[in-house]
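Inside the fold
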Amino acid sequence: MEVILVTEFVLLSLIIKIAVEMKRIFYITFIVNITFWVAISNPAFAQCGLDKSKWKLVYSEDFNEANVDALLDNGWEIGDPHHPGPAQLSVQTCGEGSSYMCSTQDQINLSNGLGYFNVQKKQPFNCQGETAIYETAFMSSIFDEFPYPQYQNPGNERPGYVFGMFEIRCKLPRQNYSFPAFWLSGNTWPPEIDVFEYYGGTHNKFWSTVHWPAAIPGTGQNCQNTFQYSFDLTRDFHTFTLVWTPRQITWFLDGKELKTDKRPPHQPLQALIDQGLY
């Protein structure tokens, strides 16, 4: 099969901490390091500055596994469990018009403690009954961690985190059409908290959003924040951090507070990370 286009997203680690690097449009890489933290005592405290002394590290992904199968055994699965199957692009991508993307572990590579998340254009292939032309990298957490039992839901089919600090370190891509993102989502939508979304080609800005239920079931409202800078975000690695407590959500870039929202969800959410296309 002829390879026509590849985009790659490299992950350094996940703590709820991620590091990402993306490279040229024909092979774009997103590099990530991920870490997850929970509050040591009272989860209700507000945090104006990024003080990690109040948090206990509960998960870290440094991408040192021997292979992708071992990575998945460490608490991950391929694809979006809330929207299984191929994803349709609703806008023109690389001049192709509407087409399908299909998540596969073949587009995740590990090397020297880095996780490389790729998007690759291929000849048309079957993906669960749809014809796709892009393979993408999409990984979802399957952690069973309830730090605060008062918010447990015994009927919840996919347990996740309830409050915490989630962090990713990454170098963003410059190429048009690349779309790396790191966010939290639950069994139903909304709620959703986007730690960051980035549209390749913008170079100096990213978006962070919180979604909450609207009056009509299955619909939502949101508050989207656009953070724009005078420098090129794609030139260096940057650390995106989300602090989620019962009272508020606060976003940070490189340890500096950006915005606080007073509409935090109070239900388990899973972490999702992908390198896709827009």
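Residues numbered from 1 in each chain as written. Predicted model: local features only at pLDDT ≥ 70, side-chain atom pairs only at ≥ 80, totals over all residues. Heavy atoms only, no water.

Here we come to the environment of Thr209. On the secondary structure map, Thr209 appears in strand β16 (residues 205–213). Looking at Thr209, the relative accessible area reads 1%, which means it is buried. Spatially, the C-alpha atom of Thr209 lies 8.6 Å from that of Glu197, the residues being 12 residues apart in sequence. Once residues within four sequence positions are removed from consideration, Thr209 is found in contact with Glu192, Ile193, Asp194, Asn222, Cys223, Gln224, Asn225 and Trp251. (Helix = DSSP H or I, 4+ residues; strand = E, 2+ residues; numbered from the N terminus. Buried < 20%, exposed > 50% of the residue type's maximum accessible area, 1.4 Å probe, protein only. Contact = heavy atoms within 4.5 Å.)

What follows concerns the pattern of salt bridges. Taken as a whole and assessed by the stated rule, the structure comprises four salt bridges. Between Lys52 and Glu167 there is a salt bridge, with its nearest N and O atoms 2.9 Å apart. With Lys52 in the loop between β5 (33–39) and β6 (55–61) and Glu167 in strand β13 (residues 164–170), the pair connects residues that are 115 residues apart, well separated along the chain. Of the residues examined, Lys52 reaches a relative accessible area of 29% and is grouped as partly exposed. Put simply, Arg263 and Asp261 hold a salt bridge, and the shortest N to O gap is 2.7 Å. (Salt bridge = Lys/Arg side-chain N within 4 Å of Asp/Glu carboxyl O.)

One number sums up the size of the largest pocket: a volume of about 920 Å³. The residue inventory of the lining of the largest pocket, partitioned by class, reads 19 nonpolar, 15 polar and six charged. (1 Å grid on protein atoms, 1.4 Å probe; cavity = no way out; pocket = protein on both sides within 12 Å on 5 of 7 lines; lining within 4 Å. Points joined across faces, edges and corners; volume = space filled by probe spheres on them. Nonpolar A, V, L, I, M, F, W, Y, C, P; charged D, E, K, R; others polar.)

With that settled, consider unusual backbone geometry. Along the chain, Trp189 connects to Pro190 via a cis peptide bond; the corresponding omega equals -10 degrees. Residue Pro191 is bonded to the preceding Pro190 through a cis peptide linkage, with omega at 20 degrees. Note that Pro191 resides in the loop between β14 (178–185) and β15 (192–197). Positive phi, normally seen in glycine, also occurs at Phe63, with a value near 60 degrees. Following the sequence through the fold, Phe63 ends up in the loop between β6 and α1 (68–73). Despite not being glycine, Asn112 has its phi angle at roughly 55 degrees, a positive value. With respect to the helices, strands and loops of the structure, Asn112 is situated in the loop between β10 (108–111) and β11 (114–127).

This brings us to the pairing of strand β17 (residues 220–228). Sheet analysis places β16 next to β17, joined by nine bridges and oriented antiparallel. Looking across to β17, one finds that Thr209 is bridged to Gln224. Adjacent in sequence and paired antiparallel, β16 and β17 are bridged by six residues, among which Gly218 carries a positive phi angle near 85 degrees. (Pairing = 2+ DSSP bridges.)

The next subject is the environment of Met139. Along the chain, Met139 falls in strand β12 (residues 130–141). It is 9.5 Å that separates the C-alpha atoms of Met139 and Pro81, two residues lying 58 residues apart in sequence.

The subject of this paragraph is the confidence of the model for the protein chain. For the protein chain, per-residue confidence averages 78 on the pLDDT scale, and residues scoring 70 or more make up 75% of the total. Mean pLDDT across the elements of the protein chain bottoms out in strand β3 (residues 20–22) (29) and peaks in β15 (95). Taken together, the stretch residues 1–7 has pLDDT below 50 and engages in 36 contacts with residues farther than four places along the chain or on a different chain. A low-confidence stretch, residues 15–28 (pLDDT under 50), is modelled with 119 contacts involving residues beyond four sequence positions or located in other chains. (pLDDT = per-residue confidence, 0-100.)

Take the state of the cysteines next. Applying the stated criterion across every chain, the model contains one disulfide. One disulfide bridge connects Cys102 with Cys127, the sulfur atoms lying 2.0 Å from each other. Disulfide Cys102 to Cys127: torsion about the S-S bond roughly 65 degrees, handedness right-handed. In this pair, Cys102 is assigned in strand β9 (residues 100–103) and Cys127 in strand β11, connecting sequence segments 25 residues apart. Taking the relative accessible area as the measure of exposure, Cys127 reaches 3% and is therefore buried. (Disulfide = S-S within 2.5 Å.)

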